[in-house]
Amino acid sequence: MSQYSRRKFLQQLGAGIILLPGVPRFVHAAVPRSDKKLGIALIGLGSYSTYELAPALLETRNCRLAGIVTGTPEKAAKWKERYKIPEKNIYNYQNFDAIADNDDIDAVYVVLPNSMHHEFTLRAAAAGKHVICEKPMAVSVTECTEMINACRKAGVRLLIGYRLHFDPYHQAAMKFRMSKEAGQLHTVDAAFAFRIGDPTQWRLKKSLAGGGPLMDLGIYCIQASRYSTGSEPLTATATIEEKTDPKKFAEVEETIRWQLEFPDSVTATSMCSYNKQANYLKLTSENGWLELQSAFSYGGISGRTNTGTLDFPHINQQALQLDGFSRCITDHLESDADGEEGRKDMKVIEAIYRSAATGMKESVK
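Residues numbered from 1 in each chain as written. Predicted model: local features only at pLDDT ≥ 70, side-chain atom pairs only at ≥ 80, totals over all residues. Heavy atoms only, no water.

**Student:** So what's going on with the overall build of the protein? Residues and values would help.
**Tutor:** For the protein, the count of helices and strands is 10 helices and 15 strands. A compact globule built from 365 residues would reach a C-alpha radius of gyration of about 21 Å, and the protein, at 20 Å, matches this within 12%. Burial status across the protein gives 54% buried among its 365 residues. Of the contacts made within the protein by residues no fewer than 6 positions apart, 70% connect residues no fewer than 24 positions apart. Total accessible area on the protein is roughly 15,800 Å²; 50% of this is exposed by carbon and sulfur atoms. Each charge class in the protein was averaged separately, 44 positive and 42 negative side chains, and the resulting centres sit 3 Å apart. (Helix = DSSP H or I, 4+ residues; strand = E, 2+ residues; numbered from the N terminus. Rg over C-alpha atoms; globule rule 2.2 N^0.38 Å. Buried < 20%, exposed > 50% of the residue type's maximum accessible area, 1.4 Å probe, protein only. Contact = heavy atoms within 4.5 Å. Areas by Shrake-Rupley, 256 points an atom, 1.4 Å probe, with all protein chains shown as cover. Lys, Arg positive; Asp, Glu negative; His and termini not counted. Charge placed at Lys NZ, Arg CZ, Asp CG, Glu CD.)

In structure tokens form, the structure reads like this:
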């Protein structure tokens, strides 16, 4: 990155604006609209809320941690003390619906096992609260549609936690296909895998996760394929590898590979696994290439292209996401990280699972 472009990027970062020329507007200016910050309640106090979202909410400019929803009284007590949360803003899963009467809370962030996203999005919408929901947004296209319709009927926003829409390295990937110098995009190659630990965790239970690593890790590869190409896949071909640990992976797949066919003969090849190590995104075009390593991590992403190294300042993905979503809500701005985006990903996931089951190429529909 040149000195000029780096300086310009830092100026944009300071203003809460991270936009690259020609890139779809995934990020909105994170500049406070008033002295009142949007009040957000976290639903589910697992590791992502504890180590990523709550700390990020201490850095945000447009929103604040206003409440919590948890089924564990011990967690409620610790969070109340640590974040000075009023007792009236602390809920459990049984009395959650009373949140409708709490003016301190404008929006909820659903950070629960995948199978619970649908229920709590519907309950939040009925309570008149805006919803940010972690990905995958649900465990079926049908549930996604019901969530979209419920929020639309209630007049609240539904946004999905696609934090990488707010990361400059991934914005560079979005921009790559628009480069005249790079020429026509040809292929996308993405993989996200790690060796999962605790065999009793919810991610290995189909009733809670809806599936295996495809639901948890593969969605990053699907997203990257879609925003790198700027189009929707036409077909999916997939294979589930034989399990090396049938006991641990009794209910979900261990490793799955797939290929998506896009318009203009662009192909995307991906892999995700709970028993391998991989984390990259590679794009190749007629005249160039782009590569990201640690591509889907919370930080430490590195990148390079055929013309040089990508070098962006460190940012807090979650803080930028929360500020961007808050502006979408308070200033009625559009967002590409909405419920419809989540539903599109689930259509691809369902096609991949169908192909793995039938052994045939399946249409994405």
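**Student:** Give me the nonpolar core: which residues, what numbers.
**Tutor:** One finds V108, W258, L281, F296 and I352 to be the most contacted residues of the largest nonpolar core, which totals 108 residues. Considering every element that reaches this core, the biggest residue donor is helix α8 (residues 213-229), with nine residues. With sequence-adjacent residues up to four places away left out, V108 is seen in contact with A41, I43, F96, I99, A124, K129, H130, V131 and I132. (Core = buried A, V, L, I, M, F, W, Y, C linked by side-chain atoms within 4.5 Å.)

**Student:** How would you summarise the packing of α8 against helix α10 (residues 339-358) if you had to cite specific residues and measurements?
**Tutor:** Contact pair α8 / α10: the axes reach a minimum separation of 10 Å and the direction vectors enclose 110°. Regarding the angle of α8 to α10, the classification is roughly perpendicular. At the point where α8 passes α10, the crossing takes the right-handed sense. In contact with L214, M215, I219, I222, Q223 and R226 of α8, α10 contributes E341, K344, D345, M346, V348, I349, I352 and Y353. Residues belonging to the contact of α8 with α10 are distributed by class as follows: nine nonpolar, one polar and four charged. (Axes fitted to C-alpha atoms, helices over the stretch in contact; angles between N-to-C directions. Parallel < 35°, antiparallel > 145°, perpendicular 65-115°, else oblique. Left-handed = near helix turned anticlockwise from the far one by under 90°. Nonpolar A, V, L, I, M, F, W, Y, C, P; charged D, E, K, R; others polar.)

**Student:** Summarise the packing of helix α4 (residues 117-126) against helix α5 (residues 141-154); cite the residues concerned and give the values.
**Tutor:** Contact geometry for α4 and α5: axes closest at 9 Å, N-to-C directions at 10°. It follows from the interaxial angle that α4 and α5 lie roughly parallel. Packed against α4, whose contacting residues are H117, H118, T121, L122 and A125, the element α5 presents E143, E146, M147, A150, C151 and A154 at the interface.

**Student:** If you had to explain the sheet that holds strand β12 (residues 289-293) to someone new, which residues and values would you point to?
**Tutor:** One open sheet accounts for nine strands, arranged β14-β13-β12-β11-β7-β10-β9-β8-β15; its pairing is mixed. Both outer strands of the open sheet, β14 (308-310) and β15 (362-363), are each paired with one neighbouring strand and no more. Where strand β11 (residues 278-285) meets β12, five bridges bridge the pair, whose relative direction is antiparallel. What sits directly across from L283, in β12, is L290. Lying over the sheet, α8 contacts β7 (185-193), β9 (255-261), β10 (267-273) and β11, oriented at roughly 160° with respect to β7. Against the sheet, α10 touches β8 (235-240), β9 and β15, its axis set at about 55° to β8. (Pairing = 2+ DSSP bridges.)

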